[in-house]
Amino acid sequence: MKRTALILVSALLVVSCGIYSFTGTSIQPDVKTITIPYVEYKALRVNPSLAGDLTDALQEKFRKLTRLEQVDQDGDLELVVEVTGYDVKATAITANEMAAQNRLTVGVKIAFTNRKYPEDDVNQSFSAYEDFDATQSLEAVESGLCETIIDKLVEDIFNATVAQW
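These numbers were taken from a predicted model, which means no experiment stands behind them. (Residues numbered from 1 in each chain as written. Predicted model: local features only at pLDDT ≥ 70, side-chain atom pairs only at ≥ 80, totals over all residues. Heavy atoms only, no water.)

Participant: Any chance you could explain the overall build of the chain here in plain terms?
Facilitator: From N to C terminus, the chain includes three helices and six strands. Secondary structure elements of the chain occur, N-terminal to C-terminal, as α-β-β-α-β-β-β-β-α. Considering the chain as a whole, with its 165 residues, one finds that 37% of them fall into the buried category. Counted over contacts in the chain with a minimum sequence separation of 6, partners at least 24 positions apart contribute 65%. With an accessible surface of roughly 9900 Å², the chain has 53% of that area assigned to carbon and sulfur atoms. (Helix = DSSP H or I, 4+ residues; strand = E, 2+ residues; numbered from the N terminus. Buried < 20%, exposed > 50% of the residue type's maximum accessible area, 1.4 Å probe, protein only. Contact = heavy atoms within 4.5 Å. Areas by Shrake-Rupley, 256 points an atom, 1.4 Å probe, with all protein chains shown as cover.)

Participant: Looking at this model, I keep getting lost on the pairing of strand β5 (residues 99-114). Mind explaining?
Facilitator: Taken residue by residue, a regular strand's side chains alternate between the two faces of the sheet. Pairing geometry for strand β4 (residues 77-93) and β5, over 15 bridges, is antiparallel. The residue of β5 that forms the bridge with Val88 is Leu104. Pairing geometry for β5 and strand β6 (residues 122-133), over 12 bridges, is antiparallel. Across the sheet, residue Arg103 finds its bridge partner in β6, namely Asp131. (Pairing = 2+ DSSP bridges.)

Participant: Help me understand the side chain of Thr66 in this model?
Facilitator: By the secondary structure assignment, Thr66 is in the loop between α2 (50-65) and β3 (69-70). Assessed through its relative accessible area of 11%, Thr66 is described here as buried. Among the polar contacts listed, one links the side chain of Thr66 to the backbone oxygen of Phe62, at a separation of 2.5 Å. Engagement of the side chain of Thr66 in a polar contact is seen with the backbone nitrogen of Leu68, the distance being 3.3 Å. Residues contacting Thr66, with those up to four places away along its chain left out, are Thr25, Ile27, Phe158 and Val162. (Polar contact = N/O pair within 3.5 Å; in protein donor to acceptor, adjacent residues only side chain to side chain.)

Participant: Would you take a moment to explain unusual backbone geometry for this structure?
Facilitator: Residues other than glycine predominantly adopt negative phi, and peptide bonds predominantly adopt the trans conformation. Even without a glycine there, the phi angle at Asp74 is positive, about 60°. By the element assignment, Asp74 lies in the loop between β3 and β4. Under the relative-accessibility criterion, Asp74 is labelled exposed at 61%.

Participant: When you look at the packing of aromatic side chains in this model, what are you seeing that I'm missing?
Facilitator: Aromatic ring pairs are reported here in terms of the distance separating the ring centres and the angle at which the planes meet. Scanning the model with the defined rule gives one aromatic pair in all. Both rings, one in Phe62 and one in Phe158, keep their centres 5.1 Å apart while their planes meet at 65°; by these two values the pair is edge-to-face. Of this pair, Phe62 sits in helix α2 while Phe158 sits in helix α3 (residues 138-161); the two residues are 96 residues apart in sequence, bridging distant segments of the chain. Just as Phe62 is buried, Phe158 falls in that class too. Above the ring of Phe158, the side-chain terminus of Lys61 is found at 5.4 Å from the ring centroid. Its guanidinium or amino end placed over the ring of Tyr129, Lys152 lies 5.7 Å from that ring's centre, counting from NZ or CZ. (Phe/Tyr/Trp six-rings, centres within 6.5 Å; stacked < 30°, edge-to-face > 60°. Lys NZ or Arg CZ within 6 Å of the ring centre and 35° of its normal.)

Participant: So what exactly am I meant to see when it comes to the side chain of Thr35 here?
Facilitator: Tracing the backbone shows Thr35 in strand β1 (residues 33-35). Contacts of Thr35, omitting those with residues within four sequence positions, involve Val71, Asp72, Gln73, Asp74, Gly75, Leu77, Glu78 and Leu79.

Participant: I keep staring at the nonpolar core and nothing clicks. Help me out?
Facilitator: What tends to happen in soluble globular proteins is that the nonpolar side chains get buried as a cluster. Judged by nonpolar contacts, the single largest core of 39 residues is most densely connected at Leu54, Leu58, Leu79 and Val108. The element best represented in this core is α3, accounting for 11 residues. Once you skip the residues sitting within four places of it in the chain, Leu79 turns out to touch Thr35, Ile36, Pro37, Leu58, Phe62, Ile110, Ala111, Phe112, Ile157 and Thr161. (Core = buried A, V, L, I, M, F, W, Y, C linked by side-chain atoms within 4.5 Å.)

Quick look at the structure:
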């Protein structure tokens, strides 16, 4: 009984603050909209679907975990993302000096603007990677690797912007 009462009181205190939610976001109550334009691709090595997939994943994350309305321009918040790197490098070398494992790394740069609370602006770079067996071609595993990398990047971006972790 005491445990239930403590949980209810704690929940009411968190909700009454107005800026915290159970999804971990800390968005001020007067911030209502967000603009997430299409991700710009600036990496030298081309992946034609990465920018679109990353854009969709970011928009979906913010749609699911915030109360923010997504607008095409002039949102209270704006998240501009560009892909700055898309590289494959050997990470493990065999005794015969052959690659045993390769690593796909994707780098992004974000500019997060909070028009109502500029002190919450974030300009930061992130990268995420996945390793794969060198006996496999990048083309054979690229789709799955990119899906995992996008999930990691979206989580990092979300946490750095509205979760402020």
